[in-house]
Amino acid sequence: MKAFSLCAALLLLPSLVAAQNAPSATYDATDRVFRLDGGQMTYVFGVNPRGELQQIYWGGRVAATDTFPPARPKPGWASFDSSYNNTPQEYAGWGAGLFNEPALKITFAGGNRDLVLHYLSHTQTASGFDVVLKDIERPIFVTLHYAIDPESGILARSAAIENRGAAPVTVEQAAAAAWALPAGRYTLNYLTGRWAGEWTLTQEPVHPGARVIESRRGSTGHQANPWFALQAGGPDENHGEVWFGALAWSGSWRITVEQDQLDEVRVTGGFNPFDFGYVLKPGEKLETPVFYGGYSAQGLGGASRLLHSYELRRILPRTAKTAGRPTPRPRPVLYNSWEATGFNVNEAGQMALAEKAAALGVNRFVMDDGWFGQRKDDHAGLGDWYVNPQKFPHGLKPLIDRVHALGMDFGLWVEPEMVNPDSDLYRKHPDWVLNFPDRPRSEQRNQLVLNLARTDVRDYVFGFLDKLLTENEIAFLKWDYNRNWSEPGWDQLPPGEEKEVYVAYTRNLYEILAELRKRHPQVEIESCSGGGGRVDLGILRYVDEVWTSDNTDPFDRLTLQDGFTYAYTPQVMMAWVTDSPHWLNHRSTSLVYRMLSSMQGSLGIGANIRKWTPEETATAKRLIATYHELQPTITQGGLYRLISPRNGSEFSATETVNGSRSQAVLFAFIHSTQEERGFPLLKLEGLDPRAEYKLTAVEGKAKEGTPAVASGAWWMHHGLEMSEEFRGDFQASLFRLDRQ
Ligand code: GLA
């Protein structure tokens, strides 16, 4: 009997696993409890007796047979914190004495500013629920969308706010969602930085009060990124519970992490309420961005692997060539001459570089800034998107044809949302920029921001890009955006409505990108904003990759890239190999070190390859060939950050394992060894313990006596020891493991 039940259980195992992956959205009508299950996560909320939508549970997946008690409001605390204030709501209106961060704040005509949202109805959707809330008295309706991904458990939440009244109302604050966790000790992880110094992982204990992560800049920003991860206890890469989230919005945004008066934690995120005001006329609706949330019990590493897989499967766009594929194709290896030639581009020079690039095994040749208008430097030309006749007397065709003949496709740099005052466009349309009439217009990099919220500007931008892509065989656009907003006026609108620019601008940006992709389904796009200033899950629905940072120093890159991968997949993380000594830190490094640093992401070459010696050319060619072989594992596999380069570490290492666990790729870097300390033992992760793997050293050496073939268990438990020769400054090794 015992043996039989064991067999039966084993037979049942695959279906149990399948059941765990099935999305499920159930509603218990008696207790008014909504439950969503996906991957390893369960999310539960319910209607409490007052009618508010209250969060009940967010955490590890529990059994389908488990039930949750119905939502019950928290009691008030003395006469100062009401039950309304203490109860974690899914989407709280600012009213009834709410002092914590509201999800929605509205001013009605006539001055009333009280909003209390109660459950009205719901419908079940393909992957979750749409739950309708309504103010207790006024015709403000809010539909909360919930959609869970069966594989990762990542939950997409957003809200649609609708005015069904007879008078306009002003939305002053609108979140996409609010998340809540019970009282406990948590570490908050978030990403901060600046130009050439993005992606710093900042970790701090959650304290009473609020930590605000935001951009007021009109775009995502280098200084903070709309991602967070809360870990129970201290930070841990491999273990422990992590609740994480990412906001899909490329305009001004805000995420507030609060430890409230009862020590509970609430995370509210959406449009930045600073300088916000959106007028909803009768019958109008405002859709918020999506706030994604997920859960992992495998530490920060587990959380980022879930996000990476979700981005690859569910966020990133496909092209005509990759339509219907589960994940996008690995990025073509590109060449870009920005660091080599700056604005000094011309037909002969670009052709000479293209010859060299093709000989290295590069797939895509990208011409950067300088090819258009009167663009000699950054003082003029932005806005005038015609080919500069002195630099390209026969247009772009001869260069593009040459690039094609060399077996590469062709990409082009554009900065569509900007204008130099010294341009024909600005002379013709000085009113097209963001500005307040009769006030100075603050320039940054000698440029102003076109007000993309305007229909005429949107049409102009779409029009010239559409023409460019129709008239030339362009496979790729590097879409740049080199400043943030100032004087964000939109004087076409009545004064009370001007602040809608924060929403309308970004929506039009998305619309242009979507329309271009539809009209030119073969074209791929990179989001660049002076490096990594516009990277978020909103823009990633429309672009295939991002420019990680203008900082291409290979040592700095290790930390930048490490930080980047907490939120974003290496697939989109463009990484160029550039010249040594590097222009930022004046640091000299070997070509192998530079190549390996960039090979951790989607590889590009940005060096002055005309100056490379035959040996350097041969090294790059050999490593690009290796990269082509390993790229699917590196950029789409499960990433394990074995040793972080952060906090002045002497060493760092990453490992990626492909989906079938047949291959693993390992990068190891030394900053500077000290006191003769050797490289730490590397215990690998994510392999099949029973399979046999062959170790190949692509660069560097393992310690003498290391087996050529050993089990996954051996590599994971015994670990890989590096050769004692692996010492010094700025050294790099690369290994691969292939299942036998
Ligand atoms: C920005 C980008 C660079 C380059 C220049 C061109 O700084 O991040 O890669 O394209 O603009 O002006």
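Residues numbered from 1 in each chain as written. Predicted model: local features only at pLDDT ≥ 70, side-chain atom pairs only at ≥ 80, totals over all residues. Heavy atoms only, no water.

This part takes up the overall build of the protein. Looking only at helices and strands, the protein features 13 helices and 36 strands. Taken over the C-alpha trace, the protein has a radius of gyration of 27 Å; the compact-globule value for 740 residues is 27 Å, and the two agree within 12%. Dimensions of the protein along its principal axes, counting C-alpha atoms only, are 85 × 75 × 45 Å. Residues counted as buried form 60% of the 740 residues belonging to the protein. Counting only contacts in the protein whose residues sit at least 6 apart along the sequence, the fraction spanning at least 24 positions is 67%. Charged side chains in the protein number 73 positive and 87 negative. The centres of these two groups are separated by 2 Å. (Helix = DSSP H or I, 4+ residues; strand = E, 2+ residues; numbered from the N terminus. Rg over C-alpha atoms; globule rule 2.2 N^0.38 Å. Buried < 20%, exposed > 50% of the residue type's maximum accessible area, 1.4 Å probe, protein only. Contact = heavy atoms within 4.5 Å. Lys, Arg positive; Asp, Glu negative; His and termini not counted. Charge placed at Lys NZ, Arg CZ, Asp CG, Glu CD.)

A word on the site of the ligand. Among the 13 residues in the neighbourhood of the ligand, the closest are listed as Asp 368, Asp 369, Lys 478, Asp 480 and Asp 550. Between the ligand and Arg 445, the relevant distance is 3.0 Å, taken from an oxygen atom to a side-chain nitrogen or oxygen of the residue. Trp 547 has a polar side-chain atom sitting 3.5 Å from an oxygen atom of the ligand. Contact with the protein chains removes 96% of the 310 Å² of surface that the ligand exposes when unbound. The class makeup of the residues in the shell around the ligand is 4 nonpolar, 3 polar and 6 charged. (Near = heavy atom within 4 Å. Polar contact = N/O pair within 3.5 Å; in protein donor to acceptor, adjacent residues only side chain to side chain. Areas by Shrake-Rupley, 256 points an atom, 1.4 Å probe, with all protein chains shown as cover. Nonpolar A, V, L, I, M, F, W, Y, C, P; charged D, E, K, R; others polar.)

With antiparallel pairing, the 4 strands of this open sheet are ordered in space as β1-β2-β3-β4. Each of the sheet's edge strands pairs with one partner strand only, and the pair in question is β1 (24-28) and β4 (53-60). Neighbour to neighbour, the strand axes of the sheet diverge by 15° on average, direction disregarded. (Pairing = 2+ DSSP bridges. Axes fitted to C-alpha atoms, helices over the stretch in contact; angles between N-to-C directions.)

What follows is about the environment of Arg 266. Its location among the elements puts Arg 266 in strand β17 (residues 265-271). For Arg 266 and Ala 183, which are 83 residues apart along the polypeptide, the C-alpha to C-alpha distance reads 9.9 Å. Other than its neighbours up to four places away in sequence, Arg 266 contacts Asn 85, Asn 86, Thr 87, Pro 88, Asn 100, Trp 179, Ala 180, Thr 256, Val 257, Glu 258, Asp 260 and Gln 261. Among the polar contacts made by the side chain of Arg 266, one reaches the main-chain carbonyl oxygen of Asn 85 at a distance of 2.9 Å. One polar contact links the side chain of Arg 266 to the main-chain carbonyl oxygen of Asn 86, over a distance of 3.2 Å.

Here the focus is the pairing of strand β6 (residues 117-125). Two elements, β6 and strand β7 (residues 128-135), share 8 bridges in a ladder whose sense is antiparallel. When the bridges of β7 are listed, Thr 125 appears paired with Gly 128. Hairpin geometry of β6 and β7 is characterised by an intervening segment of 2 residues between the two adjacent antiparallel strands.

In space, the 8 strands of this closed barrel follow the order β21-β22-β23-β26-β27-β28-β29-β30, with parallel pairing throughout. Within the sheet, the average angular offset between the axes of one strand and its neighbour, ignoring direction, is 30°. Relative to strand β26 (residues 476-479), strand β23 (residues 409-414) runs parallel, the two sharing 4 bridges. Each bridged residue has a counterpart across the sheet, and for Val 414 the counterpart in β26 is Trp 479. Where helix α6 (residues 397-405) meets the sheet, its contacts fall on β22 (364-367) and β23, and the angle it forms with β23 comes to roughly 140°. Of the strands in this sheet, β26 and β27 (524-527) are in contact with helix α9 (residues 501-519), which crosses β26 at around 170°.

Here we take up the environment of Gly 184. Of note, Gly 184 is situated in the loop between β10 (169-181) and β11 (186-192). By relative accessible area, which is 41% here, Gly 184 ends up partly exposed. With 441 residues separating them along the chain, Gly 184 and Ala 625 place their C-alpha atoms 50 Å apart.

Viewed as axis vectors pointing N to C, helix α11 (residues 591-598) and helix α12 (residues 614-636) meet at an angle of 25°, and their least axial separation amounts to 10 Å. If you check the angle between α11 and α12, you find them roughly parallel. The hand of the α11/α12 crossing is right-handed. In this structure, α11 contributes Leu 591, Val 592, Arg 594, Met 595 and Leu 596 to the contact, and α12 contributes Glu 616, Thr 619, Ala 620, Leu 623 and Ile 624. (Parallel < 35°, antiparallel > 145°, perpendicular 65-115°, else oblique. Left-handed = near helix turned anticlockwise from the far one by under 90°.)

Bringing the pattern of salt bridges into the picture now. What the rule picks out here adds up to 48 salt bridges. Several salt bridges converge on common partners, so that one network encompasses Arg 329, Arg 331, Arg 364, Asp 409, Glu 524 and Glu 545. (Salt bridge = Lys/Arg side-chain N within 4 Å of Asp/Glu carboxyl O.)

The next subject is the nonpolar core. One recurring pattern in soluble globular proteins: nonpolar side chains tend to sit buried together. Judged by nonpolar contacts, the single largest core of 183 residues is most densely connected at Tyr 91 and Met 595. Listed in part, the 24 residues of the second largest apolar core include Tyr 640, Ala 664, Ala 691 and Tyr 693. (Core = buried A, V, L, I, M, F, W, Y, C linked by side-chain atoms within 4.5 Å.)

A word on the domain arrangement of the protein. Assigned domains of the protein: these are domain 1 (25-315), domain 2 (334-547) and domain 3 (642-739). Of note, the centres of domain 1 and domain 3, computed from C-alpha atoms alone, are 40 Å apart. (Domains from an automatic or database assignment.)

Further remarks concern α11. Where burial is concerned, most of α11 is hidden: 8 out of the 8 residues are buried. For α11, the full list of buried residues reads Leu 591, Val 592, Tyr 593, Arg 594, Met 595, Leu 596, Ser 597 and Ser 598.

Further remarks concern the pairing of β7. Of all 8 residues that make up β7, 8 are buried, and the element is covered over most of its length. Sheet topology note: the β7/strand β8 (residues 140-148) ladder contains 7 bridges and is antiparallel. Note on β8: the bridge partner recorded for Val 132 is Thr 143. Count of turn residues in the β7/β8 antiparallel hairpin: 4 residues.

What follows concerns the packing of aromatic side chains. Evaluated as defined, the whole model comprises 45 aromatic pairs. Above the plane of the ring of Tyr 566 lies Arg 641, whose end atom (NZ or CZ) is 3.6 Å from the centre. (Phe/Tyr/Trp six-rings, centres within 6.5 Å; stacked < 30°, edge-to-face > 60°. Lys NZ or Arg CZ within 6 Å of the ring centre and 35° of its normal.)

What follows deals with the environment of Thr 341. Here Thr 341 lies in helix α4 (residues 338-341). Note: C-alpha distance between Thr 341 and Thr 578 (237 residues apart in sequence) is 12 Å. Among all residues touching Thr 341, those that are not within four sequence positions of it are Gln 350, Leu 353 and Arg 610.

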